[in-house]
Amino acid sequence: MKRKIFVLDTSVLLYDKKAIHSFVGNDIVLPLIVLDELDRFKEKPGLLGENARYVNRLLDSLREKGSLTDGVAVEDEQTIRVDLTDGKKYVPEGLDNSSADNKIIGVAKFLQDNRAEEVKLITKD
């Protein structure tokens, strides 16, 4: 099976903290804006805060293994990478380029245009 790139939206990680582990044999990309959004939720009580803290702790543990901007291999032949691309520049025409959701779409569009692998955007929105 050919590897794919899955760009995860913040909503997916806040809805299910284990979703980040669900893409066996593929590459996970987290746009930088997703990390910013997770930071805003980690102090919240309840499930949203718990899920944001889980993902933040996971990313902290991966930083000990290597650079997240280069990508870090995790179990099940999966990699997790933080993408620093300014999604605002790549938001499709007609969409508000100041919206966090649209910036995530912009990162996915940039990857789709610049990578050979198939790119999928995963969101709960």
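First, a word on what this report is: a plain description of the structure on this page.

Cut-off values and rules
- Residues numbered from 1 in each chain as written.
- Predicted model: local features only at pLDDT ≥ 70, side-chain atom pairs only at ≥ 80, totals over all residues.
- Heavy atoms only, no water.
- Helix = DSSP H or I, 4+ residues; strand = E, 2+ residues; numbered from the N terminus.
- Rg over C-alpha atoms; globule rule 2.2 N^0.38 Å.
- Contact = heavy atoms within 4.5 Å.
- Areas by Shrake-Rupley, 256 points an atom, 1.4 Å probe, with all protein chains shown as cover.
- Lys, Arg positive; Asp, Glu negative; His and termini not counted.
- Charge placed at Lys NZ, Arg CZ, Asp CG, Glu CD.
- Pairing = 2+ DSSP bridges.
- Axes fitted to C-alpha atoms, helices over the stretch in contact; angles between N-to-C directions.
- Buried < 20%, exposed > 50% of the residue type's maximum accessible area, 1.4 Å probe, protein only.

What follows covers the overall build of the protein. Counting its regular elements, the protein contains four helices and five strands. Mapped in sequence order, the helices and strands of the protein form the string β-α-β-α-α-β-β-α-β. Computed over its C-alpha atoms, the radius of gyration of the protein comes to 14 Å, within 12% of the 14 Å expected for a compact globule of 125 residues. Referenced to the eigenvectors of the C-alpha coordinate spread, the extents of the protein come out at roughly 35 × 35 × 25 Å. A separation of at least 24 residues holds for 58% of the contacts in the protein among residues at least 6 apart in sequence. For the protein, the computed accessible surface area is about 7000 Å², with 49% contributed by carbon and sulfur atoms. Both charge centroids of the protein, one from 20 positive and one from 23 negative side chains, sit 1 Å from each other.

Moving on, we get to the sheet that holds strand 5 (residues 118-122). Pairing is mixed in the open sheet, where five strands are placed in the order 3-4-2-1-5. Lying at the two open borders of the sheet, with one neighbouring strand each, are strand 3 (72-74) and strand 5. Each neighbouring strand pair of the sheet contributes to a mean axis angle of 25°, computed without reference to strand direction. Sheet topology note: the strand 1 (residues 4-8)/strand 5 ladder contains five bridges and is parallel. Bridge pairing in strand 5 links Val7 to Leu121. The sheet contacts of helix 3 (residues 46-63) involve strand 2 (27-31), strand 3 and strand 4 (78-83), and relative to strand 4 the element is tilted by about 100°. On top of the sheet, helix 4 (residues 100-114) reaches strand 1, strand 2, strand 4 and strand 5; it is set at about 170° to strand 5, its chief contact.

For strand 4, the tally of buried residues reaches five of six residues, placing the bulk of the element in the interior. Of the strand pairs in this sheet, strand 2 and strand 4 are connected by five bridges, and their pairing is parallel. By the bridge assignment, Leu30 is partnered in strand 4 with Val82. Of the pairings in the sheet, the one linking strand 3 to strand 4 comprises three bridges and is antiparallel in character. Across the sheet, Val72 pairs through a bridge with Ile80, a residue of strand 4. The hairpin formed by strand 3 and strand 4 contains three residues between the paired strands, and Asp76 there has a positive phi angle of roughly 65°.

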